[in-house]
Amino acid sequence: MDKNWLNFKTVIVTGASSGMGKGIAEKLIKVHGCNVIGIARSEKKMKTFVEELGEYADRFSYQLFDVSSLENWVDFRQYLEDNHIKPDILINNAGILPKFDKFQHYTIEEIESAMNINFYSAVYSMHTLLPLLLKSPSAAIINVDSSAALMSLAGTSVYSASKSALKALTESMREELRGKCYVGIVCPGFTKTDIFRNQGSSDEKAQKMLNMVSTSCDKMVKLIMNGIGKQHELMVFGKDAAFMNYFGRMMPVLGGRLFSAVMKMSKLPLFDGVFKED
Ligand SMILES: NC(=O)c1ccc[n+]([C@@H]2O[C@H](COP(=O)([O-])OP(=O)(O)OC[C@H]3O[C@@H](n4cnc5c(N)ncnc54)[C@H](OP(=O)(O)O)[C@@H]3O)[C@@H](O)[C@H]2O)c1
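Q: Can you break down the side chain of aspartate 240 residue by residue, with the values?
A: In this structure, aspartate 240 sits in helix 8 (residues 239-250). No salt bridge is formed by the buried aspartate 240; the nearest opposite charge belongs to lysine 239, separated by 8.9 Å.

Q: If you had to explain helix 3 (residues 70-82) to someone new, which residues and values would you point to?
A: The end-to-end C-alpha distance of helix 3, which contains 13 residues, comes to 18 Å, matching closely the 18 Å that a straight helix rising 1.5 Å per residue would cover. Contacts made by the buried residues of helix 3 are with strand 1 (10-14), strand 2 (35-40), strand 3 (60-64) and helix 4 (108-133). Positioned one or two residues after helix 3, histidine 84 has a phi angle of 50°, which is positive.

Q: Quick rundown of the nonpolar core? Include the residues and the values.
A: Counting 33 residues, the largest nonpolar core has Leu28, Val36 and Ile91 as its most contacted members. Ranked by residues supplied to this core, first place goes to helix 7 (residues 217-229) with 6 residues. Apart from the residues lying within four places of it in its own chain, the contact partners of leucine 28 are Leu6, Val11, Val13, Gly33, Cys34, Val36, Ile91 and Met225. Val67, Leu90, Leu133 and Leu177 belong to the second largest nonpolar core, which has 25 residues in total.

Q: Break down helix 6 (residues 204-213) for me, with residues and values.
A: What helix 6 keeps buried is the set Ala206, Met209 and Leu210. Down the axis, helix 6 shows its buried residues gathered within 100° of arc, on one side only. Residues of helix 6 that are exposed and point over 90 degrees away from its buried face: Glu204, Lys208 and Met212.

Q: I'd love a proper account of the site of the ligand, names of residues and values included.
A: Residues in contact with the ligand amount to 32 residues; listed here are only the nearest, Arg41, Asn93, Tyr159, Thr191 and Thr193. At 3.2 Å from an oxygen atom of the ligand is found a main-chain nitrogen or oxygen belonging to glycine 15. In this structure, an oxygen atom belonging to the ligand sits 2.6 Å away from a side-chain N or O atom of arginine 41. Notes on the ligand: free accessible area 890 Å², of which the protein chains cover 96%. Only helix 1 (19-30) and helix 5 (157-176) provide two or more residues apiece to the shell around the ligand. Here the shell around the ligand is composed, by residue class, of 14 nonpolar, 11 polar and 7 charged.

Q: Explain the packing of helix 1 against helix 2 (residues 43-53) to me, and be specific about the residues and the numbers.
A: Axis separation between helix 1 and helix 2 bottoms out at 12 Å; the angle between their running directions is 30°. Note that helix 1 runs across helix 2; the crossing there is right-handed. Contacts between helix 1 and helix 2 pair Lys22, Ala25, Glu26, Ile29 and Lys30 from the former with Phe49, Glu52 and Leu53 from the latter. Class assignment of the residues belonging to the contact of helix 1 with helix 2 gives a composition of 4 nonpolar, no polar and 4 charged.

Q: Give me the state of the cysteines: which residues, what numbers.
A: Per the stated rule, a full pass over the model turns up 0 disulfides. Note on cysteine 34: no disulfide assigned, nearest cysteine sulfur contributed by cysteine 181 at a separation of 15 Å. Under the relative-accessibility criterion, cysteine 34 is labelled buried at 0%. No disulfide involves cysteine 187; its nearest neighbouring cysteine sulfur is the one of cysteine 217, lying 17 Å away. You can call cysteine 187 buried: its relative accessible area is 0%.

Q: Requested: an account of unusual backbone geometry, with residues and values cited.
A: For phenylalanine 8, which is not glycine, the phi dihedral falls at a positive 65°. Structurally, phenylalanine 8 is set in the segment before strand 1. Residue phenylalanine 8 is classed as exposed on the basis of its relative accessible area, which comes to 59%. Even without glycine at this site, glutamine 231 takes up a positive phi of about 55°. Overall, the relative accessible area of 34% leaves glutamine 231 in the partly exposed class.

Q: Provide a residue-level description of the packing of helix 1 against helix 7, including the pertinent values.
A: Relative to each other, helix 1 and helix 7 sit at 55°, their axes nearing to 9 Å. Classified by the angle between their axes, helix 1 and helix 7 sit oblique to one another. Viewed along their axes, helix 1 and helix 7 form a crossing whose handedness is right-handed. Facing helix 1, whose interface residues are Gly19, Met20, Gly23, Ile24, Lys27 and Leu28, helix 7 presents Cys217, Met220, Val221, Ile224 and Met225. Its residues assigned to classes, the contact of helix 1 with helix 7 shows 8 nonpolar, 2 polar and 1 charged.

Q: Could you give an account of the pairing of strand 5 (residues 140-144), naming the residues involved and the relevant values?
A: When you tally the buried positions in strand 5, you get 5 out of 5 residues, the bulk of the element. Every second residue of strand 5 is oriented toward a common face, with Ala140, Ile142 and Val144 on one face and Ile141 and Asn143 on the other, all of them buried. As defined by bridge partners, strand 4 (residues 89-92) adjoins strand 5 across 4 bridges and the pair is classed as parallel. Within strand 5, the residue paired with isoleucine 91 across the bridge is isoleucine 142. For the crossover that starts at strand 4, traverses helix 4 and ends in the parallel strand 5, the hand is right-handed. Bridge count for strand 5 against strand 6 (residues 182-188) is 5 bridges, and the pairing is parallel. Opposite alanine 140, over in strand 6, you have tyrosine 182 as the bridge partner.

The rules behind the values
- Residues numbered from 1 in each chain as written.
- Predicted model: local features only at pLDDT ≥ 70, side-chain atom pairs only at ≥ 80, totals over all residues.
- Heavy atoms only, no water.
- Helix = DSSP H or I, 4+ residues; strand = E, 2+ residues; numbered from the N terminus.
- Buried < 20%, exposed > 50% of the residue type's maximum accessible area, 1.4 Å probe, protein only.
- Lys, Arg positive; Asp, Glu negative; His and termini not counted.
- Salt bridge = Lys/Arg side-chain N within 4 Å of Asp/Glu carboxyl O.
- Expected span 1.5 Å × (residues − 1).
- Contact = heavy atoms within 4.5 Å.
- Core = buried A, V, L, I, M, F, W, Y, C linked by side-chain atoms within 4.5 Å.
- Arc of directions from axis to C-beta.
- Near = heavy atom within 4 Å.
- Polar contact = N/O pair within 3.5 Å; in protein donor to acceptor, adjacent residues only side chain to side chain.
- Areas by Shrake-Rupley, 256 points an atom, 1.4 Å probe, with all protein chains shown as cover.
- Nonpolar A, V, L, I, M, F, W, Y, C, P; charged D, E, K, R; others polar.
- Axes fitted to C-alpha atoms, helices over the stretch in contact; angles between N-to-C directions.
- Left-handed = near helix turned anticlockwise from the far one by under 90°.
- Disulfide = S-S within 2.5 Å.
- Parallel < 35°, antiparallel > 145°, perpendicular 65-115°, else oblique.
- Pairing = 2+ DSSP bridges.
- Right-handed = clockwise from strand over helix to strand, strands pointing away.

These figures come from the coordinates and say nothing about function on their own.
Pasting the structure below:
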């Protein structure tokens, strides 16, 4: 095993039942000898992951709860204390992608749900667990954000708002905790995972487009692990994310207009709710 600060740590990973969270948990366990506590809601997916881990399964345990409730985080902290578990690293990765749509098409419940899962979950986890994490000499928090925090496009108002809030919070914490806790933020671009399940992405044209712009989940996990391993503080991964980062900074208004126009011109059913007249 190469020398790496991640080796043999105790890590909490939210959204460890699928996609990037599962990939990150697997690498932490198999490559770095970590003990991982995964958090998600689906027991079926967690059990499948345990089976897939085979001989490594004893380094993985899971807790099933909704990360968007503060109460669940308070109970989880109690569980850690009762069982003398001392976490070193918290990876906030659980998230949802609301269907691409116009802002006024979302119900208030849908908006609150996205904010609660994508943003408040991290607020709650960091607020409840920070005192425990800071007892570790290698305390770390890594928040999996999104390229949607780098530029807001038509159809992504709610998702971008939740991820922009997470980015702002993480960046302040990075400076407040400098020297005591490594705080990293990852902004992946489109990545092939199940997160698109509600997007009507079974449409053949949409699938082709997503395939064209997406990074494979394995590759994204490798990039993330490499970035975290080097304690990078801002990680923008994927060509689409790099473009959004550049245009978001250099042409904050024109960039959003240009990208949104390309989405409209694509005439993909994926974006029907955004661009079709009501
Ligand atoms: N895929 C992309 O293109 C992309 C791009 C940029 C950023 N991201 C971000 O990357 C992160 C991981 O996404 P992914 O693509 O790997 O998606 P995914 O495969 O759908 O995984 C999402 C994970 O979050 C968990 N989760 C969702 N809501 C939860 C809740 N309320 N409570 C507890 N767990 C919850 C899910 O577990 P259960 O269903 O078992 O609860 C699942 O394990 C997300 O934050 C996402 O916003 C993804």
